[in-house]
Every structure is written in structure tokens, then in C-alpha cells.
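Letter by letter, the chains look like this.
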Amino acid sequence: MTKKPVVIGVAGGTGSGKTTVARELYQQFIEKSILMIEQDAYYKDQSHKTMDERIKTNYDHPLAFDNDLLIEHLEQLLIYQTIEKPIYDYSNHTRAKESVYVKPKDVIILEGILILEDKRLRDLMDIKLFVDTDADIRIIRRLVRDIEERGRTLESVIEQYTSIVRPMHLQFIEPTKRYADIIIPEGGQNRVAIDLMVTKIRTILEEKEIL
Ligand SMILES: Nc1ncnc2c1ncn2[C@@H]1O[C@H](COP(=O)(O)OP(=O)(O)O)[C@@H](O)[C@H]1O
Ligand SMILES: Nc1ccn([C@@H]2O[C@H](COP(=O)(O)O)[C@@H](O)[C@H]2O)c(=O)n1
């Protein structure tokens, strides 16, 4: 059997705890061979647009992402080739000038709001997770995070959430829950779900004779 990395998708709405879950899983396999890819790194480059145009962009629509590049990179990682992953700059709403070389590993964690929306991406995943957290908790978490880490104001987060993030979540993100193999309520604090996932990933790796 030809060796092939295991791909685990972690989807869910903004602030649901996707990154926290993905990092928990990452930590469990850090001694082995694991890497993490954030769909956010594949937001389309907007360096040719004005700041005003960038601020007004809908970042919660499937078309905001360069999934072609993301798929190309996943396919390279699946045949154990190194990729040059873009770095996203949330403060400037575009790709940073720098990128990062990512070496292939046996386990790939792919995390992002719309990773289950694109069938081509779903077809590349061995396990699909959806982190399910109530909208009130998600917006509180997002408010704090976007102000502390993404250079936003209270007013801008509220305006973006009500006009774009919420309706796009209902239209595009929530419906992808149906594609998940496992739905994880409350994310990173859900020890039972994390432990189950770790056991499952180990089994897959053993079956593939990777561990
Ligand atoms: N279970 C939790 N309890 C409290 N805060 C949390 C929890 N999970 C995540 N957070 C915090 O909420 C914010 C968003 O979490 P994150 O994992 O980045 O979500 P996502 O990647 O889905 O947007 C972060 O600041 C994180 O530290
Ligand atoms: N320039 C940008 C790009 C994205 N966003 C928001 O990020 C959210 C996705 O990231 P999470 O870590 O929260 O899953 C998404 O809801 C976009 O609205 C942004 O605000 N600005």
C-alpha cells in the first residue's frame, strides 16, 4: 500500500473554537508527524484593491477564498511535497508579502469556516469535524479576539457581524454541518470529543501503517 497522509477537516462558524480544537489535536501528535493548514491563509490576494474596497469585502462568502490554490497545495502535501503557504494579514485584509515553506507530514489538519462547502475539499478529507457553538458565545469570542488580535474596533466588528458574518453563516456555513462525520459541541473544552478524535486518528494511522 502506498503511504498517504491523513487529512482531518475542522469546520465551524467564526469563534466556534476551530483553531482551539485543531491546536489540541496538533499538540497530541506533535511528537509524530503533523501539520496545520488554515483556510484563512488562502483568502484571495487583495493587494491591488484600495483599503476601502478591502474593508467592504465579504470574507464569509465561498468566493472570498482561493480554494484552487488550497487544493493544489493539499494535493502536493498528499504526495509528500513541500508547499509555500501564503500568510494572511487580517489588519490589511490581504496576503502578506512573506510566505512560509511547509514540509509534508503524515497528518494534515485543515481548519476553516468554509472547508466543508467545497466538494473538492471534502473529497480530500479522511475525517470531517464541525465545531458547533451557539452564536451568542461565538460573537462574544470574536469581539474580544478581533479587537485584541486583528486590529478591529468594537463598532467595526458589530457592523461586519450583523451585515455580513451572520447572514453568510446561516446561508453557507451552518448547512455544511450535514457533511460532518462528527459534530463537536463547544470545541476545545470538550475533552471527551478531543480524546475520541485522538484515538480515532491513531487507529487510522496504525491502519495505514504510519505510526
Ligand atoms: N471553550 C472556550 N472557552 C473560552 N474561550 C474559548 C474557548 N474556545 C475558544 N476560545 C477563545 O475564543 C476565541 C476564538 O476561538 P478560536 O479557537 O480561535 O475559534 P475559531 O478558530 O473557530 O474562530 C479565541 O480567543 C479562543 O481563545
Ligand atoms: N480580512 C478579513 C478576513 C477574514 N475575516 C473574518 O475572519 C473570519 C474567519 O476566521 P475565524 O478564525 O473567525 O474562523 C470570517 O468570519 C471573516 O469575517 C475578516 O474579518 N477580515
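Above this text sits the structure in question.
Residues numbered from 1 in each chain as written. Chains lettered and ligands numbered in written order. Predicted model: local features only at pLDDT ≥ 70, side-chain atom pairs only at ≥ 80, totals over all residues.

Caption draft 1: The site of ligand 1, seen in detail. Around ligand 1 sit 14 residues, and of these Gly-17, Lys-18, Thr-19, Thr-20 and Arg-141 come closest. No other element matches helix α1 (residues 18-28), which puts 3 residues into the shell around ligand 1. Here the shell around ligand 1 is built from residues that sort into no nonpolar, 10 polar and 4 charged. (Near = placed C-beta within 6 Å. Helix = DSSP H or I, 4+ residues; strand = E, 2+ residues; numbered from the N terminus. Nonpolar A, V, L, I, M, F, W, Y, C, P; charged D, E, K, R; others polar.)

Caption draft 2: Inspection of the packing of α1 against helix α7 (residues 191-207) at higher detail. Closest axis-to-axis distance for the α1/α7 pair is 10 Å, and the angle between their directions is 45°. In terms of orientation, α1 lies oblique with respect to α7. Here α1 runs over α7; the crossing is right-handed. Residues Val-21, Glu-24, Leu-25 and Gln-28 of α1 form the contact with α7, whose own contacting residues are Ile-194, Met-197 and Val-198. The residue inventory of the contact of α1 with α7, partitioned by class, reads 5 nonpolar, 1 polar and 1 charged. (Axes fitted to C-alpha atoms, helices over the stretch in contact; angles between N-to-C directions. Parallel < 35°, antiparallel > 145°, perpendicular 65-115°, else oblique. Left-handed = near helix turned anticlockwise from the far one by under 90°. Contact = placed C-beta atoms within 7 Å.)

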